[in-house]
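Understanding the architecture of this molecule
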Amino acid sequence: MLKGVISRESVLSAVDEYDRVGQDAFLAEYGFAQARNYLLVHEGREYDSKAIAGVAHQYEYGRALRPTEFHGGTGEAVVWLEQLGFTVKSLRNPDWAWDEVVLACAITADNGWRGLAATDPRVVELSGLLRLLPIHDASSRNDTFRNANGVARKTFDIATRHPDYQGKPTNGGATDRAVLQEFLASPVEMAAAAQLIRAGVLTGGLQAPAVADEDLEDFDAPEGRLLLRQHLARERNPKLRRQKIESVVRHGRRLACEACGFDFQRTYGDRGTGYIECHHVVPLHAAGEGRTKLSDLALICANCHRMIHRRAPWPTPGELRSLISEAGAPGAQDGS
């Protein structure tokens, strides 16, 4: 038996059996509990997705998977079914992403760090905005996704974690606390980030991911992933990169990393000629959507580029150069 390697026909056979014997008998026969998180939707009817995926193995291999042999969530059963073209809907809403909490934190700060009622116009407006954010797939949302009640509750999760709050905090998560700390440490910058996210969604600028989520692994920004995507897309603009390189060469300087001094041509010969990465020194929430100046860009190697973006606050190339010097890194090249 190959776990998860099932056909659409075997899934439909399990669905037919489910319809024939009924939910209770089907679940009892194979030892599954009623679904709590995901349902398979087929021809207008809903089915316990984990049970269907498990029993599909019976029709494929002669033995059903037992409930303890696999997970019913997005790691296994949901993926198997969706890969076969089936629709799976979530019974619970996804956890709040950093970018969403930034927006909720902004209206809570605007309200004097007090929670807002579900009927407050700011909550109603944010509820609609959050449904437009290109973060969570439609299949992971249910009918109450980011409704006004949920948004209002989130503002209280944030407000009751504020250091000036004297009562018992509500059940907020680690992300709520982390974003709140960013707002308290950098109120102007975080308010600007919230405004930029809001404007980007309303104008459509943040609807289509400019950079894939896979490219954001190990990257961190207090403003969130949506603006980080746009920041990295700006850095990868081939026209800007070419103009920056031409400017450096025209002024008689060599193409060396401004942080560690690494020279691609010196190390790789002709293969490295003219190659270096481009880093936008000013975060998007500070730079805004205006025109990028060449002075905003720094030429750095891939390693230093990743180290800059790895953890917020991002060091400048000069600050990273100081860290390299303090660490006494062997083999650091002269970047002059």
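All figures in this text were calculated on a predicted structure; none of them were measured in a lab.

1. Quick word on the overall build of the protein
- When its secondary structure is counted, the protein shows 15 helices and five strands.
- Computed over its C-alpha atoms, the radius of gyration of the protein comes to 26 Å, more than 25% above the 20 Å expected for a compact globule of 336 residues.
- In terms of principal-axis extent, the alpha carbons of the protein reach across some 80 × 55 × 40 Å.
- Every one of the 336 residues in the protein was classed for burial, and the buried ones make up 43%.
- Across the protein, the mean location of the 40 positive side-chain charges is 4 Å away from that of the 44 negative side-chain charges.

2. Re the packing of aromatic side chains
- Throughout the structure, instances matching the rule amount to 10 aromatic pairs.
- Look at Phe-264 and Tyr-275: their rings are 4.9 Å apart centre to centre, the planes differ by 85°, and that puts the pair in the edge-to-face class. Of this pair, Phe-264 sits in helix 12 (residues 264-268) while Tyr-275 sits in the loop between helix 12 and strand 4 (277-280), and the two are 11 residues apart along the sequence.
- On the accessibility criterion, Phe-264 (11% relative accessible area) is buried.
- Among the residues examined, Tyr-275 registers a relative accessible area of 36% and is labelled partly exposed.
- Over the face of the ring belonging to Phe-70 we find Lys-50, whose NZ or CZ atom lies 5.1 Å from the ring centre.

3. Topic: helix 6 (residues 121-130)
- Of the residues making up helix 6, those classed as buried are Val-123, Leu-126, Ser-127, Leu-129 and Leu-130. An end-on view of helix 6 places all buried positions within 165° of arc, on one side of the element.
- The secondary structure elements touched by the buried residues of helix 6 are helix 5 (98-110), helix 7 (148-159) and helix 9 (187-203).

4. Quick word on the sheet that holds strand 1 (residues 38-42)
- Spatially, three strands are ordered 2-1-3 in an open sheet, and the strand pairing comes out antiparallel. Two strands lie at the open edges of the sheet, namely strand 2 (45-48) and strand 3 (87-90), each paired on one side alone. Put simply, the sheet's adjacent strands are angled 40° from each other on average, direction ignored.
- Where strand 1 and strand 3 come together, four bridges link them in antiparallel fashion. Its bridge partner lying in strand 3, Leu-39 is registered against Lys-89.
- Sheet contacts for helix 1 (residues 8-21): strand 1 and strand 2; angle to strand 2, the most-contacted strand, approximately 100°.

5. Digging into the packing of helix 5 against helix 9
- Taken N-terminus to C-terminus, the directions of helix 5 and helix 9 make an angle of 115°; their axes are 9 Å apart at the nearest point. Viewed along their axes, helix 5 and helix 9 adopt a mutual orientation that is roughly perpendicular. The handedness of the crossing between helix 5 and helix 9 comes out as left-handed. Residues Asp-99, Val-102, Leu-103, Ala-106 and Ile-107 of helix 5 lie in contact with helix 9, whose contacting residues are Met-190, Ala-194, Ile-197 and Arg-198.
- Taken together, the residues that form the contact of helix 5 with helix 9 break down as seven nonpolar, no polar and two charged.

6. So, the pattern of salt bridges
- If you walk through the whole model with that rule in mind, you get 14 salt bridges.
- Arg-63 is the salt-bridge partner of Glu-69, the closest N and O atoms lying 3.2 Å from each other.
- Classification of Glu-69 as partly exposed rests on a relative accessible area of 24%.
- Glu-125 is paired through a salt bridge with Arg-198; the nearest N and O atoms lie 2.7 Å apart. Note that Glu-125 is positioned in helix 6 and Arg-198 in helix 9, a separation of 73 residues in sequence.
- Accessibility expressed as a relative area gives 35% for Glu-125, which makes it partly exposed.
- A network of salt bridges, in which partner residues are shared, links Arg-63, Arg-66 and Glu-69.

7. Looking at unusual backbone geometry
- At Glu-43, a position not held by glycine, the phi torsion is positive, near 50°.
- Relative to the helices and strands, Glu-43 resides in the loop between strand 1 and strand 2.
- The exposed category is assigned to Glu-43, whose relative accessible area is 74%.
- In this model, Trp-113 sits at a positive phi of 60°, which is unusual for a non-glycine residue.
- Considering the arrangement of structural elements, one finds Trp-113 in the loop between helix 5 and helix 6.
- On the basis of relative accessibility, which here comes to 21%, the residue Trp-113 falls in the partly exposed class.

Rules used in this analysis
- Along each chain, residues carry numbers from 1 onward, in the same order as the chain's sequence is written.
- Residues qualify for local features only when their pLDDT is at least 70, as the model is predicted, and side-chain atom pairs are given and counted only at 80 or more; totals for whole chains, interfaces and linings, by contrast, use all residues.
- Computation of side-chain values covers all heavy atoms of the structure but excludes hydrogens and water.
- Here a strand is any run of E in DSSP of at least two residues, a helix any run of H or I of at least four, and the numbering for each starts at the N terminus.
- Computation of the radius of gyration draws on C-alpha atoms alone. For the globule rule, the value is 2.2 Å times the number of residues to the power 0.38.
- Burial status follows relative accessibility: with a 1.4 Å probe on protein chains alone, a residue under 20% of its type maximum counts as buried, one over 50% as exposed, and anything between as partly exposed.
- By the counting rule applied here, Lys and Arg register as positive and Asp and Glu as negative, while His and the ends of each chain are not counted.
- A single reference atom marks each charge: NZ on Lys, CZ on Arg, CG on Asp, CD on Glu.
- Side-chain rings of Phe, Tyr and Trp, where Trp is taken by its six-membered ring, are said to pair if the distance between their centres is within 6.5 Å; with planes under 30 degrees apart they count as stacked, over 60 as edge-to-face, and otherwise as tilted.
- Either the NZ atom of lysine or the CZ atom of arginine qualifies as a charge over a ring when it sits within 6 Å of the ring centre and within 35 degrees of the ring normal.
- What the arc covers is the set of directions going from the helix axis to the C-beta atoms.
- Working rule for contacts: check all heavy atoms of both residues, and any pair within 4.5 Å makes them a contact.
- Two strands pair under a simple rule: DSSP has to find at least two bridges between them.
- Orientation is described by lines fitted to C-alpha atoms, with helices fitted over the stretch in contact, and by angles between N-to-C directions that extend from 0 to 180 degrees.
- By the definition adopted for this analysis, an angle is roughly parallel if under 35 degrees, roughly antiparallel if over 145, roughly perpendicular if from 65 to 115, and oblique otherwise.
- We call a crossing left-handed when the near helix sits turned anticlockwise from the far one by less than a right angle, and right-handed when that turn is clockwise.
- Polarity classes work like this: nonpolar for Ala, Val, Leu, Ile, Met, Phe, Trp, Tyr, Cys and Pro, charged for Asp, Glu, Lys and Arg, and polar for all others, with Gly in that last group.
- The term salt bridge refers to a pairing of a side-chain nitrogen on Lys or Arg with a carboxyl oxygen on Asp or Glu at a separation within 4 Å.

Honestly, it's all geometry; don't read function into it.
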